[in-house]
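Here are the chains, one letter per residue:
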Amino acid sequence: MQFTNYSANMSSTLTEQTGKKIGAPDFNPDKYVKELSQRCVGGQELQQQRQKIQALADETNLSLKRNVYQNYMQFIETAKEISHLESEMYQLSHMLAEQRSLLGALSTTSVLGDKGPNCAEEADTGAESTEDEGQEEKETEERRHQLATILEKVEGCVTLLDAPSRTLLHEGDLLELDAVENTALHRVHGYLFSDGFMITCWIPNRRGPVRYKFDMMYELGCLAVVNVRDMGTVKTAFKLLAFPDTRVFQCSNNQSKKEWLDKFDQAKKARLALEQQKREVVPAIERSPSRTIRSESLESSYNPFEEGSDVSPEPELPEWLLEVPEDLDVCIAQRHFEEAFNLLERAQDYFNKNSDNNKDPVLTDIRRKVDARAKALTEVLMKELEVSPDKSLQGGLRAARRAVRLLNQLGRATQEVMLHSSHSSLISPERMKPKSGDWAACELFLKLCSSILKAQLKRVKREGATVLYVRQLGGIFFSNLTDMAREFLRAFPSSPSCSSVFVVWSGAELNHFTSHLIKQVFMPQVSISTLAECVTCVRSQCDQLCELGLDLRYQLDGLLRTPLTRALRDSREKLVDAVKLRAAEDKWRPLNLQNKAGLGKFLQEMSDIGIASIHTHVTGACWVGLTGNTVAFSKLYLSLLEDCVRLATPELVYTIDEVLGDVFHAQLRHVEISVRTDNLRGEAKFIMKNAVFLLDTLLTLAEHGYEEKLGHPCSRLAQLHDEYSWLKKDNANKPVTKYSTTEYI
């Protein structure tokens with residue numbers, strides 16, 4: 001005992017020393033292996049050292065897993081904090097860029113405001129106005145010509161001419177890089193406008209004027225351009241930050257990069273100055289009432305103090321509406337999706353109530369930004385439901401409830417907006433296609449369900465009996481499918497189109513499951529009894545879905561019809577061969593059970609399979625007036641009948657009748673040949689007794705069992721009864737016709 005404790009202590013000490021040595025910072029594997037090979041004698045000691053190292057590795061893995069489980073919530077919180085900090089840094093850089101542009105615009109603003117330097121200049125404005133109008137018309141025409149030229153080159157940018165004040169500032173070829181790996185993705189062509197940045201992709205092997213395909217349009221207000229330092233293979237590049245996207249583009253040289261950055265800076269400054277002017281535009285009566293009244297009194301007969309004057313300033317937009325785009329960005333970045341959806345609903349309600357002010361440029365700009373944020377929120381929620389190899393499925397469907405619910409609400413909200421706009425534009429709502437909220441949520445939800453099913457079924461290993469494996473496999477598949485159906489009905493309670501999609505998806509998943517089941521179970525070495533038990537188990541599990549209104553039983557039977565038909569026919573061939581083999585060894589001798597204990601056991605077995613009248617065939621103390629072949633065939637045939645009845649479907653009845661009839665016919669054929677054999681004339685009465693048992697007891701029992709289970713008689717068994725009824729007569733001579741036809745008579 002002391003020696004055992006000493007050995008255990010020494011082993012643990014050596015293991016600790018080995019762990020310290022391997023965990024040392026200056027550990028050298030080659031040197032350690034050389035030392036082991038020199039120190040150990042023989043392969044047994046090396047094997048022991050290997051086992052110690054393997055045990056140390058298992059212990060290390062176990063401790064790592066334990067640490068991961070203990071710090072799992074900390075990992076999640078850290079990831080959220082990192083995401084929150086990233087969004088705050090992005091917002092901070094965006095605010096700094098806006099403030100810098102605003103300070104630049106303020107530095108160029110005149111202190112005199114709208115005061116003219118002298119009256120002479122006011123006199124010359126009339127002559128200069130006509131020249132300015134002509135110049136403006138010319139610039140507008142050039143602007144339209146530029147946009148039309150771009151429209152001819154780019155495929156899929158039909159809305160390019162919708163903004164009348166849009167101006168092309170810069171364009172050029174760029175190479176897009178992967179934001180993480182810094183590897184080249186593809187060539188693009190960029191167009192910088194006064195209100196946004198458009199990215200187009202090259203169309204290879206395309207002849208004609210169309211050379212590019214539209215990829216993405218980013219608004220300048222939602223865009224931040226960051227210079228990228230030259231590091232390694234990444235040179236002359238800049239980064240585009242547009243939540244939630246981050247894209248990196250590489251220019252051809254430093255001059256091209258400088259031009260792009262300068263043009264972006266100029267465009268953002270011009271846009272900020274324009275927005276500042278729009279916000280500062282107020283009625284002149286509010287800015288300086290005395291000067292306005294005086295000038296108007298000199299030029300017209302209008303009296304501002306006269307009663308009934310109806311001069312009301314334009315209504316100002318609420319402060320919360322002006323900050324909606326930025327608030328939506330913050331909510332999406334911080335993953336406060338419910339708050340983002342509430343803001344979207346509030347903004348849409350305001351737009352619907354103030355639909356008369358659609359011509360207001362500020363309101364139109366805010367509406368466009370809100371629509372872009374709604375699209376970004378939809379994309380983020382769709383990414384929540386996307387399945388990737390790196391994404392864990394630990395939360396299951398419960399983790400997807402939030403994203404599915406919000407996507408459904410977004411889909412219904414967008415449909416309501418479309419219906420509202422359709423009434424105002426005289427477009428019938430029936431002709432409008434539903435928005436992609438419900439459809440996207442349904443599609444991604446079903447993809448998530450498929451991944452969960454696949455992962456759950458992969459965990460089932462084929463160990464032990466086939467029936468246990470099938471029961472476990474079917475239980476996992478149909479229980480998960482039932483839970484998914486409940487979650488689906490909860491997520492899409494009133495959507496007939498989505499319900500039909502779920503039914504089609506369930507059929508496809510059942511097809512995959514059945515094909516896997518056929519490969520694993522329907523093999524030549526599997527008996528028909530095992531197949532019957534497996535199929536019965538799967539059918540009973542499939543019937544659980546009927547409680548939810550989803551009946552896949554008919555489809556399951558249809559998928560199993562072909563392999564079951566093949567298995568039944570193979571089983572028939574094997575059983576017929578077994579009957580012929582036993583018939584060749586049959587000596588037509590009574591069955592001897594040796595003692596009374598054996599007789600009692602035999603009578604109990606025959607009674608259990610349904611032959612209760614077997615005691616009438618007992619002769620003497622332990623003799624049975626039947627052959628061993630007849631008794632064995634009775635057990636085999638009743639077992640076959642039970643399996644066939646369990647497998648029976650309306651489509652398999654014909655095959656089952658063939659199997660039952662052919663197997664029984666093989667046994668009756670053996671009796672017929674024995675009756676006609678001259679060498680067995682002395683055993684004729686004993687053969688007739690076995691024939692009577694087969695026809696009156698076994699075949700009758702089989703017919704009753706068949707009709708009781710399936711509800712209709714078996715025509716093939718009745719035909720056998722009539723065909724071999726002559727065997728029950730004393731002079732068992734079957735009438736044989738001399739000629740097969742009456743042609744020669």
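Below: a short report on this structure.

Thresholds, definitions, all that
Counting starts from 1 at the beginning of each chain's written sequence and moves along it residue by residue. Two thresholds apply to this predicted model, a pLDDT of at least 70 for residue-level local features and 80 or more for giving and counting side-chain atom pairs, whereas whole-chain, interface and lining totals are computed over all residues. Each side-chain value is derived from all of the structure's non-hydrogen atoms; neither hydrogens nor water enter the calculation. Between any two strands, pairing holds if DSSP finds at least two bridges. Secondary structure is summarised from DSSP: a helix means a run of H or I of at least four residues, a strand means a run of E of at least two, and numbering begins at the N terminus for each. Side-chain atoms within 4.5 Å are what join buried Ala, Val, Leu, Ile, Met, Phe, Trp, Tyr and Cys residues into a set we call a nonpolar core. A 1.4 Å probe rolled over the protein chains alone gives each residue an accessible area, and that area as a share of the maximum for its type sets the label: buried under 20%, exposed over 50%, partly exposed in between. Residues are treated as being in contact if the distance between any of their heavy atoms lies within 4.5 Å. Any carboxyl oxygen of Asp or Glu within 4 Å of a side-chain nitrogen of Lys or Arg constitutes a salt bridge here. Pairing of aromatic rings covers Phe, Tyr and Trp, the last counted by its six-membered ring, and requires centre-to-centre distances within 6.5 Å; plane angles under 30 degrees mean stacked, over 60 mean edge-to-face, and any other angle means tilted. Counted as over-ring charges are cases with an Arg CZ or a Lys NZ within 6 Å of the ring centre that also lie within 35 degrees of the ring normal.

## Some points on the sheet that holds strand E11 (residues 623-624)
Logical step 1: Here three strands make up an open sheet; going across it, the order is E9-E11-E10 and the pairing antiparallel. What marks the edges here is a single partner per strand, and that holds for strand E9 (591-592) and strand E10 (618-619).
Logical step 2: Sheet topology places E10 next to E11; two bridges connect them, and they run antiparallel. In the strand pairing of E11, Thr619 is matched with Trp623.

## Here we look at the nonpolar core
Logical step 1: Core analysis: the largest hydrophobic core is formed by 121 residues, its most contacted members being Leu321, Leu660 and Phe664.
Logical step 2: Ranked by residue count, the leading element in this core is helix H15 (residues 466-491), at eleven residues.
Logical step 3: Discounting residues that sit within four places of it in the chain, Leu660 has contacts with Tyr637, Leu640, Leu641, Cys644, Tyr706 and Leu717.
Logical step 4: Residues Leu192, Leu220, Trp260 and Ala267 belong to the second largest nonpolar core, which totals 16 residues.

## Notes on the pattern of salt bridges
Logical step 1: Counting across every chain of the model gives 23 salt bridges.
Logical step 2: Between Arg166 and Asp195 there is a salt bridge; the shortest N-O distance is 3.0 Å. With a gap of 29 residues between them, Arg166 in the loop between strand E1 (154-155) and strand E2 (168-177) and Asp195 in the loop between strand E3 (184-193) and strand E4 (196-202) connect regions that are remote in the sequence. As far as burial versus exposure is concerned, Arg166 and Asp195 are alike and both buried.
Logical step 3: Measuring nitrogen to oxygen at the nearest pair gives 3.1 Å for the salt bridge that ties Glu605 to Lys635. Note that Glu605 is positioned in helix H19 (residues 596-608) and Lys635 in helix H20 (residues 628-647), a separation of 30 residues in sequence.
Logical step 4: Using a relative accessible area of 34% as the deciding quantity, one classes Lys635 as partly exposed.

## Re the packing of aromatic side chains
Logical step 1: One pass over the full model with this rule turns up 22 aromatic pairs.
Logical step 2: With a centroid separation of 6.5 Å and an interplanar angle of 80 degrees, the aromatic rings of Phe197 and Phe249 are classed as edge-to-face. Taken together, the positions of Phe197 in strand E4 and Phe249 in strand E8 (residues 245-250) put the pair 52 residues apart, joining distant regions of the chain. Across this residue pair, the class does not change: Phe197 and Phe249 are buried.
Logical step 3: Aromatic rings pair up to connect Phe197, Phe238, Phe249, Trp260 and Phe264 into one cluster.
Logical step 4: Directly above the aromatic system of Trp202 lies the positively charged group of Arg187, at a separation of 4.0 Å from the ring centroid.

## Focus on the pairing of E2
Logical step 1: The sheet contact formed by E2 and E3 spans nine bridges and is antiparallel. In the sheet register, Asp173 faces E3, and the bridge partner there is His189.
Logical step 2: Between the antiparallel neighbours E2 and E3 lie six residues, among them Asn182 with a positive phi of about 60 degrees.
Logical step 3: Here three bridges tie E2 to E8, and the two strands are oriented antiparallel to one another. Each residue of the ladder has a partner; that of Leu175, found in E8, is Gln250.

## Some points on the sheet that holds strand E5 (residues 212-219)
Logical step 1: Strand order in the open sheet made by the eight strands is E1-E5-E4-E3-E2-E8-E7-E6, with mixed pairing throughout. Each having just a single partner strand, E1 and strand E6 (224-228) make up the two edges of the open sheet.

Interpretation in functional terms is not warranted from these geometric data alone.
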